[in-house]
Amino acid sequence: MILSELWNHYEADKRIQGFSPNTLRAFVLQLKMLVKDLGDVDLRGNSESLERILS
């Protein structure tokens with residue numbers, strides 16, 4: 001799953017948990033900036049690849 005697809009699942013989960021729309025907008029802004037910097041990374045690999053990307 002790529003980062004941009006992951007957002008749909010994350011947003012649905014946070015809406016169920018009662019996060020405000022303003023908080024979700026802030027989250028999606030941060031995600032857009034991350035995707036702009038890293039590209040739309042495929043997260044289907046193992047956690048080591050994600051750790052390498054984020055470090």
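Refer to the structure above for everything that follows.
Residues numbered from 1 in each chain as written. Predicted model: local features only at pLDDT ≥ 70, side-chain atom pairs only at ≥ 80, totals over all residues. Heavy atoms only, no water.

Asks: Hey, could you go over helix H1 (residues 3-16) for me, with residue numbers and the actual values?
Replies: With 14 residues, H1 should reach 20 Å at 1.5 Å per residue; the first-to-last C-alpha distance of 20 Å fits that figure. Where H1 is concerned, the buried positions are Leu 3, Trp 7, Glu 11 and Lys 14. One face of H1 carries all of its buried residues, which in axial projection span an arc of 85°. Away from the buried face of H1 by more than 90 degrees, exposed residues His 9 and Ile 16 are located. Those residues of H1 that are buried lie in contact with helix H2 (21-38). Count one or two residues on from H1 and you reach Gly 18, which has phi positive near 90°. (Helix = DSSP H or I, 4+ residues; strand = E, 2+ residues; numbered from the N terminus. Expected span 1.5 Å × (residues − 1). Buried < 20%, exposed > 50% of the residue type's maximum accessible area, 1.4 Å probe, protein only. Arc of directions from axis to C-beta. Contact = heavy atoms within 4.5 Å.)

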